[in-house]
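Topology and contacts: notes
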Amino acid sequence: MFHHLLHLPFVILHFVGMALLIMVAVILLRPFARRRCAMAGACGSADRTPENSAFEDYRRATIARLENEAEEFRSYLEKLRRAADASAFQAFLQSRKNGGSSVS
């Protein structure tokens, strides 16, 4: 009646064994994959191929442009802050001139 349950431990053991075998294979083969990448230069090497040099030029130009725009924007924000501070200071002086002595 329950004779099919006798196979259950073997099925579970089979899946666990296969998972362990795959994990061990990945762990053991990882150094070989790193060495292959280093020899082939395919895994992020510093040597750029000609098709990538155009992209690198574009990337450098774009980064430089964005840095210039960021600096201009920071300068613009600084001018706005100075203008706001000057406006607030002038308002404070005007209120002091009109006799209001409220200091916040």
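Residues numbered from 1 in each chain as written. Predicted model: local features only at pLDDT ≥ 70, side-chain atom pairs only at ≥ 80, totals over all residues. Heavy atoms only, no water.

Moving on, we come to the overall build of the protein chain. Check the secondary structure of the protein chain and you find two helices and zero strands. When burial is assessed residue by residue, the protein chain has 3% of its 104 residues classed as buried. (Helix = DSSP H or I, 4+ residues; strand = E, 2+ residues; numbered from the N terminus. Buried < 20%, exposed > 50% of the residue type's maximum accessible area, 1.4 Å probe, protein only.)

Tallying each qualifying case throughout the model produces one aromatic pair. Geometrically, the ring pair formed by Phe-55 and Tyr-58 is tilted, given 6.5 Å between the ring centres and 40 degrees between the ring planes. Here Phe-55 pairs with Tyr-58, and both are found in helix H2 (residues 50–97), just three residues apart, close to one helical turn. A relative accessible area of 47% places Phe-55 in the partly exposed class. (Phe/Tyr/Trp six-rings, centres within 6.5 Å; stacked < 30°, edge-to-face > 60°.)

With that settled, consider the pattern of salt bridges. Taken as a whole and assessed by the stated rule, the structure comprises five salt bridges. Of the charged contacts in the structure, one is a salt bridge between Arg-59 and Glu-56, with a shortest N-O distance of 2.8 Å. Here Arg-59 pairs with Glu-56, and both are found in helix H2, just three residues apart, close to one helical turn. On the basis of relative accessibility, which here comes to 34%, the residue Arg-59 falls in the partly exposed class. Residue classification places Glu-56 among the buried residues on the basis of a relative accessible area of 10%. Close ionic contact of Glu-71 with Arg-74 constitutes a salt bridge, the shortest N to O distance being 3.2 Å. Of this pair, Glu-71 and Arg-74 are both found in helix H2, three residues apart, which corresponds to roughly one turn of the helix. (Salt bridge = Lys/Arg side-chain N within 4 Å of Asp/Glu carboxyl O.)

This paragraph deals with a nonpolar patch on the surface. A cluster of nonpolar side chains, namely Leu-5, Leu-8, Ile-12, Val-16, Leu-20 and Met-23, defines an oily patch on the protein surface of about 560 Å² accessible area. Take Val-16: it is sitting in helix H1 (residues 8–40). (Patch = residues over 30% accessible without salt bridge, like charges linked within 9 Å, V, L, I, M, F, W, Y side chains within 5 Å. Areas by Shrake-Rupley, 256 points an atom, 1.4 Å probe, with all protein chains shown as cover.)

Our focus in this paragraph is the side chain of Thr-62. Tracing the chain through its elements places Thr-62 in helix H2. For Thr-62, a relative accessible area of 17% puts it in the buried group.

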